Amino acid sequence: MRSMETLTRAEIAEAIHRRLGLSRAESLGMVEAILQHMSLALTDGENVKISGFGTFLLRDKGERVGRNPKTGVEVPITPRRVMTFRASQMLKDRIAEM
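Rules of the game
Counting restarts for each chain, with residues numbered from 1 along the sequence as it is written. With the structure being a predicted model, the display of local features is reserved for residues of pLDDT at least 70 and the display and counting of side-chain atom pairs for 80 or more, all residues being used for whole-chain, interface and lining totals. Hydrogens and waters are ignored; side-chain quantities use all the structure's heavy atoms. Any Phe, Tyr or Trp ring, taking Trp's six-membered ring, that has another such ring centre within 6.5 Å forms a pair; planes under 30 degrees apart are called stacked, those over 60 apart edge-to-face, and the others tilted. What counts as a helix is a DSSP run of H or I of at least four residues, what counts as a strand is a run of E of at least two, and both are numbered from the N terminus. Only protein chains enter the accessibility calculation, which uses a 1.4 Å probe; a residue whose area is less than 20% of its type maximum is buried, one above 50% is exposed, and one in between is partly exposed. Any two strands are treated as partners once DSSP identifies two or more bridges connecting them. Angular values range over 0 to 180 degrees, each being the angle between N-to-C directions of two axes fitted as lines to C-alpha atoms, with helices fitted over their stretch in contact. Contact definition: two residues touch when any of their heavy atoms are within 4.5 Å.

A.B. asks: Hey, could you run me through the packing of aromatic side chains in this one?
C.D. replies: The geometry of an aromatic ring pair comes down to the distance between the two centres and the angle between the two planes. Counted under the stated rule, the structure contains 2 aromatic pairs. Arranged with centres 5.4 Å apart and planes meeting at 50°, the rings of Phe 53 and Phe 85 form a pair that is tilted. Residue Phe 53 is located in the loop between strand 1 (48-50) and strand 2 (54-61), and its partner Phe 85 is located in strand 5 (residues 80-87); the two are separated by 32 residues in the primary sequence. For Phe 53, a relative accessible area of 36% corresponds to the partly exposed category. Relative to Phe 85, the ring of Phe 56 lies with its centre 4.9 Å away and its plane at 50°, an arrangement referred to as tilted. Here the residue Phe 56 occupies a position in strand 2, and Phe 85 occupies one in strand 5, the gap between them amounting to 29 residues. By relative accessible area, Phe 56 is classed as buried at 16%.

What follows is the structure, given as structure tokens:
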């Protein structure tokens, strides 16, 4: 059975607050700083690897021809950069145990 719950920034900050004893504001600031640092690295074209968790990879996709599924009309899809996430083997193993 799949869980439909979602982990939020606030919940991560609350967990840091409980475990480390930092204030709630400091905990939220830490979460925001980490996410900001990761975002800046990705916008600068860097991949982000978190050991034991996974890697956020950037990939450039070239121009291609797509098709409107309703009408069948061909439309060009412009080149773009996409981000993907590849889970580490450790994370995959933890998820498989559940």
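A.B. asks: Looking at this structure, how should I read the sheet that holds strand 5?
C.D. replies: Whether parallel or antiparallel, the strands of a sheet pair through hydrogen bonds between backbone atoms. In spatial order, the strands read 1-2-5; together these 3 strands make up an open sheet with antiparallel pairing. Each of the sheet's edge strands pairs with one partner strand only, and the pair in question is strand 1 and strand 5. Here the strands of the sheet are splayed against their neighbours by 20° on average, with no regard to which way each runs. Bridge analysis of strand 2 against strand 5 gives 8 bridges, and the strand direction is antiparallel. The residue bridging Leu 57 from the neighbouring strand is Thr 84, located in strand 5. Contacts from helix 2 (residues 24-43) reach strand 1, strand 2 and strand 5, with the element oriented near 140° to strand 1.

A.B. asks: For this particular structure, what's the right way to read the environment of Ala 25?
C.D. replies: Topologically, Ala 25 is positioned in helix 2. Residue classification places Ala 25 among the exposed residues on the basis of a relative accessible area of 62%. With 12 residues separating them along the chain, Ala 25 and Ala 13 place their C-alpha atoms 8.4 Å apart.

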